[in-house]
Amino acid sequence: MATQAKVKLVAIVDDDELMRGALQGLLKAVGLPSRAFASAEEFLKSGQQHQTACLIADIRMPGMSGLELQAQLNAEHCRIPTIFITAHGDTKMRLQALRAGAVEFMAKPFDDEVLLENVRAALDS
Amino acid sequence: MTHMVTGKWTARPVASAALRYGLAFASVVVALGLARIFLYFHLPQPFAAFALSAIAITFWYGGTKPGIVAAVLASIVRYFDWSEVGAVSRVLYDLVFVIFALLMIGVNRARSELEVRVAQRTAELTRANEDLSLEIAERKRAEEKLRQSEAYLAEAQKLTHTGSWVWEVAGRCALHLSEEWYRIYGFDPEEGMPAWDKRLQRIHPDDRAKWQQAIDQAISEKSDYEVEFRLLLPDGKVRHLHTVGHPVLDASGNLVQFVGSSTDITERKQAEEALRQAQSDLAHVSRVTTMGELTASLAHEVNQPIAAAITDANTCLRWLNRDHPDVEEAREAASRMVKDATRAAEIVSRTRLLFKKGTPQWELVDINEIIREMVALMRSEVTRYSISVRTELAEDIPQLTGDRVQLQQVLMNLMINAIDAMKDGDGTRELAVKSQRAENEQLMVSISDTGVGLPPQQADQIFNAFFTTKPHGTGMGLRISRSIIESHGGRLWAADNSPRGASFHLTLPVEAEAHE
């Protein structure tokens, strides 16, 4: 368990394959290990939520949405610092996410520096 | 009959009995008088000759009975006046009178028979004459009727723009061309029937082969033919013609002629063209309206790969900007970038195609490919409302002839309707798109949702123009979708989906047809 905690895994949940690839590539370039999941369900099923130090998730996905995933994790007492990246972001949704413990709520296309800062902040917390 | 005819038609004047019998007396008296005069001048005694003349005249003009009376009178006169002749002479005289009278009776009978026959013949001739004049009148009436009917026919031909014709197969020459035919083909009837090659020249060069083929086939099969083609007149005008021909065979079954008609359908063609254009314009407007509803989703759909591209570009720079640039990683990031940009371009081009206005393009299309494209285009829209999409596409479906953009429009309409039906509801939200082979060389596409279902009691009205259940709907989507599918020779209908929601099914013929 101790070693796994040190790994500080970043999980990416996005239904868009291109987006997953881009995020994984970015994290790899800065030396952060990551795992990508095509849906919230897949992530929950993987059992890796407990080793995840930071979650980057899309809000709108077929099946369970990003916000529902967050609620589910909260219900499981698995509070993972979460960064939402979405194209549809509106203020109401943003507030809802932040209130539920999200670290940041970013709109696509996003600034990679800002994203990385947020990820690092989450990992350090 | 004969009596009547005789009475009416006899040449002999019908004098009264008194006159006829009077003639007997008068003629004998005249004969006696003449004989006396001869006697007075001592001329030879010619009473017998005068008496015979008197008897003959009486028989001829007075009839048989007065003739006999005249013969008897002549005998009596002879007896009293010329008693001096000998006994033998007397007997001879009387015998001559009797024989003469008998002869005259025979002559009279022959004459009256002849008269009867003449009368009969005359009657027959008169009857024939009467019949003839009746026939002539009848013929005149018939001719008048025929002329009238021809005038009506010509008028009808003019009104329907239909010319009639007959042509001989062997000589390839026209035997009959109606007035309207001349008008349609632009020939002058005054110049006589145009030669075959002159007629051929009037056919549009692009349609000559088609026309020739139809006729060649009809000749070889001795069958009816029907062909639509265009004329190109010397003044540059184009006419659309619809021609039907019927073979005429002789007693031994040889093909001799073709009879038929040619109808000028230019106006109808133009109207059809205008209608097609109007339908196409309407479909375009409806498409643009629908696309308008999708703007947010489409923007997101384009935004997604662009965001990925920007991230990949930044990542690429990071690998290159290191003290020891990692070219391999940079290359990978760059190739991801290519994919991202390609996807963005694809979405834009698909969208642009739907916005494009133009006449329908008929080509071979793969319905599964169209379904996949539209599902991809709707991805953001369905995600937005947390709807899952299930596609079941049969792989063995043959291609069909159709207009890609219009078929995309139908699928888009049906999918948007399905999404609209589900977005405010609870429970599972599933949009299922299925393609399969159907009977009679058809394929079937079904789009099912788990939404609110068809409006109760109004299920049959949803295809009517301006029927809508949406606050900002135009009520044209389903109407246009149905007309698009019908113009492809297919059917579009709706049914309830089990356990909830609605299903829309459409069939399309696989064979290239329906569109003209």
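Reading guide: rules and limits
Residues numbered from 1 in each chain as written. Chains lettered and ligands numbered in written order. Predicted model: local features only at pLDDT ≥ 70, side-chain atom pairs only at ≥ 80, totals over all residues. Helix = DSSP H or I, 4+ residues; strand = E, 2+ residues; numbered from the N terminus. Buried ≥ 20, exposed ≤ 12 C-beta atoms within 10 Å, placed from the backbone. Contact = placed C-beta atoms within 7 Å. Pairing = 2+ DSSP bridges. Nonpolar A, V, L, I, M, F, W, Y, C, P; charged D, E, K, R; others polar. Axes fitted to C-alpha atoms, helices over the stretch in contact; angles between N-to-C directions. Core = buried A, V, L, I, M, F, W, Y, C linked by C-beta atoms within 7 Å. pLDDT = per-residue confidence, 0-100. Parallel < 35°, antiparallel > 145°, perpendicular 65-115°, else oblique. Left-handed = near helix turned anticlockwise from the far one by under 90°.

**Student:** How should I be thinking about the overall build of chain A in this particular structure?
**Tutor:** Summing up its helical and strand segments, chain A has 6 helices and 5 strands in all. Listing every helix and strand of chain A by position from the N terminus yields α-β-α-β-α-β-α-β-α-β-α. Burial status across chain A gives 42% buried among its 125 residues. A sequence separation of at least 24 residues applies to 60% of the contacts in chain A between residues at least 6 apart.

**Student:** When you look at the overall build of chain B in this model, what are you seeing that I'm missing?
**Tutor:** Within chain B one finds 15 helices and 12 strands. For chain B, long-range pairs separated by at least 24 residues make up 61% of all intrachain contacts whose partners lie at least 6 apart in sequence.

**Student:** How should unusual backbone geometry be read in this particular structure?
**Tutor:** Most of the time, phi is negative for any residue but glycine, and the peptide bond is trans. Put simply, Lys108 of chain A and Pro109 of chain A share a cis peptide bond, and its omega is -10°. Counting through the fold element by element, Pro109 of chain A comes out in the loop between β5 (102-107) and α6 (112-124). The backbone of His77 of chain A sits at a positive phi, close to 55°, despite the residue not being glycine. Note on placement: His77 of chain A falls in the loop between α4 (66-75) and β4 (82-86). A positive phi angle, close to 55°, is found at Glu441 of chain B, a residue other than glycine.

**Student:** Where do I start with the pairing of strand β10 (residues 442-448) of chain B in this structure?
**Tutor:** Two faces belong to every sheet, and in a regular strand the side chains alternate between them. Residue and element names in this part refer to chain B. Two elements, strand β9 (residues 430-438) and β10, share 7 bridges in a ladder whose sense is antiparallel. Pairing of Ser435 across the sheet is with Val445, part of β10. Connecting β9 to the antiparallel partner β10 that follows it, the hairpin turn spans 3 residues, and Asn440 within it adopts a positive phi of roughly 55°. As paired strands, β10 and strand β12 (residues 502-509) are joined by 7 bridges and run antiparallel to one another. Residue pairing in the sheet places Ser446 in a bridge with His505 of β12.

**Student:** How should the interface of chain A and chain B be read in this particular structure?
**Tutor:** Buried accessible area, meaning the area lost when the parts come together, often serves as the stated size of an interface. Contacts between chain A and chain B engage 21 residues on the former and 25 residues on the latter. Here the element with the most residues in the side of chain A that touches chain B is helix α2 (residues 17-29) of chain A; it accounts for 8 residues. Across the side of chain A that touches chain B, the residue classes tally to 11 nonpolar, 5 polar and 5 charged.

**Student:** For this particular structure, what's the right way to read helix α15 (residues 477-487) of chain B?
**Tutor:** In an α-helix, one turn spans 3.6 residues; hence positions three or four apart end up facing the same way. Among all positions of α15 of chain B, only Gly477, Leu478, Ile480, Ser481, Arg482, Ile484 and Ile485 of chain B are buried. Backbone geometry just downstream of α15 of chain B places Gly489 of chain B in the positive-phi region, at approximately 85°.

**Student:** Even after reading the chapter, I still don't get the sheet that holds strand β11 (residues 491-496) of chain B, so can you show me in this structure?
**Tutor:** Sheets are built from strands paired through backbone hydrogen bonds, the pairs being either parallel or antiparallel. Residues and elements named next belong to chain B. The mixed open sheet is built from 5 strands, whose spatial order is β7-β9-β10-β12-β11. On the outer flanks of this sheet lie β7 (388-393) and β11, each paired with one strand and no other. Across the sheet, the mean angle from the axis of one strand to that of its neighbour is 15°, orientation sign disregarded. When β11 meets β12, the two strands line up antiparallel, connected through 6 bridges. Its bridge partner being in β12, Ala495 is matched across the sheet by Ser503. Most of the contacts of α15 go to β11, to which it runs at about 130°, and overall it touches β11 and β12.

**Student:** It is not clear to me how the sheet that holds strand β4 (residues 238-249) of chain B should be interpreted in this structure. Could you clarify?
**Tutor:** Residue and element names in this part refer to chain B. Read from one edge to the other, the open sheet built from 5 strands follows the order β2-β1-β5-β4-β3, with strand pairing classed as antiparallel. Pairing within the sheet leaves two strands with one partner each, and these edge strands are β2 (173-177) and β3 (225-232). For this sheet, the mean inter-axis angle between neighbouring strands, taken without regard to orientation, is 30°. Note: strand β1 (residues 162-168) against β2, 4 bridges, orientation antiparallel. Bridge pairing links Val166 to His176 in β2.

**Student:** Explain the environment of Thr383 of chain B here, please?
**Tutor:** Mapped onto the secondary structure, Thr383 of chain B falls in helix α13 (residues 379-384). Residue classification places Thr383 of chain B among the buried positions, given that 24 C-beta atoms sit within 10 Å. Taking the C-alpha atoms as reference, Thr383 of chain B lies 9.3 Å from Ser297 of chain B; in sequence the two are 86 residues apart. Residues within four places of Thr383 of chain B in sequence aside, it is in contact with Asp15, Arg60, Met61 and Pro62 of chain A.

**Student:** Just to check I follow, could you spell out the environment of Ala54 of chain B for this structure?
**Tutor:** All names here are of chain B. Assignment of secondary structure puts Ala54 in helix α3 (residues 47-62). Once the C-alpha coordinates of Ala54 and Ala26 are considered, the two residues, 28 residues apart in sequence, prove to be 8.5 Å apart. What Ala54 contacts, discounting residues up to four positions off in sequence, is Ser27, Val28, Val30, Ala31, Ala70 and Ala74.

**Student:** Before we go on, may I ask you to explain the nonpolar core in this structure?
**Tutor:** One recurring pattern in soluble globular proteins is that nonpolar side chains are buried together. Grouped together as the largest cluster of nonpolar side chains are 42 residues, with contacts concentrated most on Val10, Val13, Cys54, Ile56, Ile83 and Phe84 of chain A. With 7 residues, α2 of chain A is the largest single contributor of residues to this core. For Val13 of chain A, the contacting residues outside a window of four places in its chain are Phe37, Ala40, Phe43, Leu55, Ala57, Asp58 and Leu69 of chain A. Counting 38 residues, the second largest nonpolar core, distinct from the first, contains Ile370, Ile387, Met415 and Phe504 of chain B.

**Student:** Please clarify how the confidence of the model for chain B should be interpreted in this entry.
**Tutor:** Segments scoring low in pLDDT should not have their predicted coordinates read at a detailed level. Residues and elements named next belong to chain B. Per-residue confidence for chain B averages 85 on the pLDDT scale, and 94% of its residues sit at or above 70. Here residues 1-11 is modelled with pLDDT under 50, and outside its nearest four sequence neighbours on either side it reaches 13 contacts, counting other chains as well. Confidence drops under a pLDDT of 50 for residues 512-516, and excluding neighbours within four residues, the segment shows 8 contacts in the predicted structure. Model confidence for the complex: the whole-complex pTM is 0.54, and ipTM, which rates the interface, is 0.89.

**Student:** It is not clear to me how the confidence of the model for chain A should be interpreted in this structure. Could you clarify?
**Tutor:** Per-chain confidence: chain A averages 85 in pLDDT, with 92% of residues scoring 70 or above. In this model, residues 1-5 of chain A is a region of pLDDT below 50 whose contacts with residues beyond four sequence positions or in other chains number 1 contact.

**Student:** Even after reading the chapter, I still don't get the packing of helix α4 (residues 64-81) of chain B against helix α5 (residues 87-160) of chain B, so can you show me in this structure?
**Tutor:** Packed helices, taken two at a time, are described by their axes: the angle between them and the distance between them. Residue and element names in this part refer to chain B. Between α4 and α5, whose axes approach to 10 Å, the crossing angle comes to 170°. Taken as axis vectors, α4 and α5 run roughly antiparallel relative to one another. In this structure, α4 uses Thr64, Gly67, Ile68, Ala71, Ala74, Ser75 and Arg78 to contact α5, whose residues at the interface are Tyr93, Asp94, Phe97, Ala101, Met104, Ile105 and Asn108. For the contact of α4 with α5, the residue count by class is 8 nonpolar, 4 polar and 2 charged.

**Student:** Explain the packing of helix α9 (residues 266-293) of chain B against α15 of chain B to me, please; I cannot follow it from the model alone.
**Tutor:** Residues and elements named next belong to chain B. Their axes nearest at 10 Å, the elements α9 and α15 cross at an angle of 135°. Taken together, the axes of α9 and α15 lie oblique to each other. Once α9 is placed against α15, the crossing between them reads as left-handed. On the side of α9, the interface is formed by Gln279, Leu282, Ala283, Ser286 and Thr290, while α15 contributes Gly477, Ile480, Ser483 and Ile484.

**Student:** Could you clarify how one ought to interpret the environment of Glu180 of chain B in this entry?
**Tutor:** Residues and elements named next belong to chain B. By the secondary structure assignment, Glu180 is in helix α6 (residues 179-185). Glu180 sits 25 residues away from Glu155 along the chain, and the two C-alpha atoms are 9.0 Å apart. Sequence-distant contacts of Glu180, that is, excluding residues within four places in its chain, are made with Gln157, Lys158, His161, Thr162 and Gly163.

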